[in-house]
Amino acid sequence: MAAVFFRYMDLHEVDPDVGSCCIADSVSDYVSKALRLAFDGEYQSRVRNAIIDRRHRIFDEKSVSFEWGKFLTRALRIRISDEELAS
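Residues numbered from 1 in each chain as written. Predicted model: local features only at pLDDT ≥ 70, side-chain atom pairs only at ≥ 80, totals over all residues. Heavy atoms only, no water.

Asks: Looking at this model, I keep getting lost on the pattern of salt bridges. Mind explaining?
Replies: Here the idea is simple: oppositely charged side chains can pair when their charged atoms come close. Across all of its chains, the model carries ten salt bridges by this definition. A salt bridge links arginine 46 to aspartate 17; the shortest N-O distance between them is 3.3 Å. Of this pair, arginine 46 sits in helix H4 (residues 41-54) while aspartate 17 sits in the loop between helix H2 (11-14) and helix H3 (27-39), placing them 29 residues apart in sequence. For arginine 46, a relative accessible area of 24% puts it in the partly exposed group. Overall, aspartate 17 belongs to the partly exposed group, its relative accessible area being 34%. (Salt bridge = Lys/Arg side-chain N within 4 Å of Asp/Glu carboxyl O. Helix = DSSP H or I, 4+ residues; strand = E, 2+ residues; numbered from the N terminus. Buried < 20%, exposed > 50% of the residue type's maximum accessible area, 1.4 Å probe, protein only.)

Quick look at the structure:
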């Protein structure tokens, strides 16, 4: 689910170098990205700033919150109507 959030934020529009910072397509890619984020302080700062700049796209967008809520209720097997979830 986090990959969807990162894609939705379009981080590459803020900083082209950090656009694919948090989405890996293999285990080795994941390790490489995790190590870069852990040990490259300047890159980590740029990623952090890009996320801060775009986080409103997730937290302020009602459709994103609604879909996230639907996912969680399905994952947790909680019965709740869409109307209740939207309120």
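Now that the structure is up, let's keep going.
Asks: Would you take a moment to explain the confidence of the model for the protein chain for this structure?
Replies: For any part of a model where pLDDT is low, the fine detail of the predicted coordinates should not be relied upon. For the protein chain, the average pLDDT comes to 85, and 99% of its residues sit at 70 or higher. The element-level mean pLDDT for the protein chain is lowest in helix H7 (residues 82-86), coming to 75, with H3 highest at 94. (pLDDT = per-residue confidence, 0-100.)

Asks: What is the right way to look at the environment of glutamate 13 in this model?
Replies: Its place among the elements puts glutamate 13 in helix H2. Owing to a relative accessible area of 45%, glutamate 13 belongs among the partly exposed residues under this scheme. Expressed as a C-alpha distance, the spacing of glutamate 13 and leucine 72, which sit 59 residues apart in the sequence, is 29 Å. Not counting chain neighbours up to four residues away, the residues in contact with glutamate 13 comprise Arg54 and Arg57. Among the polar contacts listed, one links the side chain of glutamate 13 to the side chain of arginine 54, at a separation of 3.0 Å. (Contact = heavy atoms within 4.5 Å. Polar contact = N/O pair within 3.5 Å; in protein donor to acceptor, adjacent residues only side chain to side chain.)

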